[in-house]
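So the chains spell out like this:
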Amino acid sequence: MARRGSYFLLNKKEDFVRGSGVGVTIDERGIAIADGCDTGVYDTRVFDCGERGTEWHRLLMEGIHLSGNVSVTVYAADEEAYAATETAEKGTYREPEDVLLTGVRGRYLRLRIRLERRGGAQVALSRIKICFPRQTWLSYLPEIYREHAREDTFLERYLGIFQSLYEDMTEEIMRIPRRFSPFTENGAALEELSKWFGLEDRELWNEEQRRYLIRHAARLLQIRGTAEYVKELLFLKTGRTVYVVEYGQLLPYFDDGETEERLKHLYTSGPYEFALLVEHREQEDNNGLYVIGKIVEMAKPAYMACRIVVPPPYLFLGQHSYLGMNSVLNPYRTLCLDGKCAMPFSMVAGEEGGQ
């Protein structure tokens, strides 16, 4: 074979906007027939392989509803200006999901893609791959099979079926290391990777959070079921620091009296229960607490119960009052009746209980 195979790949919006179209829209998903149109035509940019007389090898396309709804006309020439004209046409292919480009020669190549909407279904194209130079397994056979070979030889086209299968399988094998990298995968591939790593309640996590959980899976597995694990998952989800109070932390303060009873009432009544203190927020709703509860159920030991406590935004002695969580120390300020000060839960009593 002349040289190692190369290819041009279009799979991003930035790739497709370099071309032009009529009756099509271009976005992050690729190109699609515009609303209100039954057909659309898209012209790619002119591709330059850098070598005159290059034989182009293979064209692959991916999208939705391509079969029977898409046709591609290929133009190729050794002069860029000539490749952009209609006279450089080398052939038209229908259902071009996987096409061997027989007899397509030239340094420059351009594609004209026609999309047709049938039955109201949307037709979209998300990926185009153009391989070059032409590489055929016929070159591995004895010379007698090639000395009178023509471009459309049956043997070459027959071997091309198995060659395409082999090349696709080889490419898939070469991409396997990327399948285990949370940095490169996204979308459906990241979802599949999440399943492999056994992420529970995957719908709770956005893409960046999933990447974090996969990247730190080994470390997190070692601390699973601990207070550190619960706090790290909740901080990842909510961005807030939570506090865990376990029964063992309270034992030094037990006195078989009122203090012990109050601590058990506020936090945990036994060794198989722990308290989770979550900072109060004005916009906190039931859905937010539901998500916190789901993550706690996933992260805590199976035999443990959790008491989720949201301290109220005011202070009561003997209740959940914490400096920095639901109370802060402000500089001293004299009382001023300016409409901005209030004295809630207070009563100024006069003599004999009068007001």
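At a closest axis distance of 10 Å, the pairing of helix α6 (residues 207-215) and helix α8 (residues 227-238) adopts a crossing angle of 155°. Here α6 lies roughly antiparallel to α8, going by the angle between them. Taken as a pair, α6 and α8 cross one another with a handedness that is right-handed. When α6 is examined against α8, the residues Gln 209, Tyr 212 and Leu 213 are found in contact with a partner set consisting of Glu 232, Leu 233, Leu 236 and Lys 237. Of the residues in the contact of α6 with α8, the class split is four nonpolar, one polar and two charged.

A few words now on the nonpolar core. Side chains that are nonpolar tend, in soluble globular proteins, to be buried together. Trp 56, Leu 59, Met 61, Leu 109, Leu 111, Ile 113 and Ile 128 are the most contacted members of the largest nonpolar core, which has 30 residues in total. Apart from residues no more than four positions distant in its own chain, Ile 128 is found in contact with Phe 8, Leu 9, Leu 10, Phe 16, Leu 59, Leu 60, Met 61, Leu 111 and Ile 113. Of all hydrophobic cores here, the second largest spans 26 residues; its members include Val 230, Val 291, Ile 292 and Ile 295.

All chains considered together, the criterion is met by one cavity of 30 Å³ or more. Its volume calculated, the largest cavity comes out at about 120 Å³. Taken together, 12 residues line the largest cavity, and the ones lying closest to its centre are His 57, Leu 100, Thr 102, Arg 134 and Glu 156. With four residues, the single largest contributor to the lining of the largest cavity is helix α3 (residues 154-174). A class-by-class count of the residues in the lining of the largest cavity yields two nonpolar, six polar and four charged.

Under the criterion given, the structure shown has 10 aromatic pairs. Pairing Phe 8 with Phe 47 gives two aromatic rings, centres 5.0 Å apart and planes at 35°, and the pair type is tilted. Of the two residues, Phe 8 sits in strand β1 (residues 6-10) while Phe 47 sits in strand β6 (residues 47-48), which places them 39 residues apart along the sequence. Note on accessibility: Phe 8 and Phe 47 belong to one class, buried.

A separate point is the sheet that holds strand β15 (residues 305-309). Spatial strand order, β13-β14-β15: three strands in an open sheet with mixed pairing. Of all the strands in the sheet, just β13 (243-246) and β15 have a single pairing partner and so form its edges. For this sheet, the mean inter-axis angle between neighbouring strands, taken without regard to orientation, is 25°. Pairing between strand β14 (residues 273-277) and β15: five bridges, direction parallel. When the bridges of β15 are listed, Phe 274 appears paired with Cys 306.

Analysis parameters
- Residues numbered from 1 in each chain as written.
- Predicted model: local features only at pLDDT ≥ 70, side-chain atom pairs only at ≥ 80, totals over all residues.
- Heavy atoms only, no water.
- Axes fitted to C-alpha atoms, helices over the stretch in contact; angles between N-to-C directions.
- Helix = DSSP H or I, 4+ residues; strand = E, 2+ residues; numbered from the N terminus.
- Parallel < 35°, antiparallel > 145°, perpendicular 65-115°, else oblique.
- Left-handed = near helix turned anticlockwise from the far one by under 90°.
- Contact = heavy atoms within 4.5 Å.
- Nonpolar A, V, L, I, M, F, W, Y, C, P; charged D, E, K, R; others polar.
- Core = buried A, V, L, I, M, F, W, Y, C linked by side-chain atoms within 4.5 Å.
- Buried < 20%, exposed > 50% of the residue type's maximum accessible area, 1.4 Å probe, protein only.
- 1 Å grid on protein atoms, 1.4 Å probe; cavity = no way out; pocket = protein on both sides within 12 Å on 5 of 7 lines; lining within 4 Å.
- Points joined across faces, edges and corners; volume = space filled by probe spheres on them.
- Phe/Tyr/Trp six-rings, centres within 6.5 Å; stacked < 30°, edge-to-face > 60°.
- Pairing = 2+ DSSP bridges.

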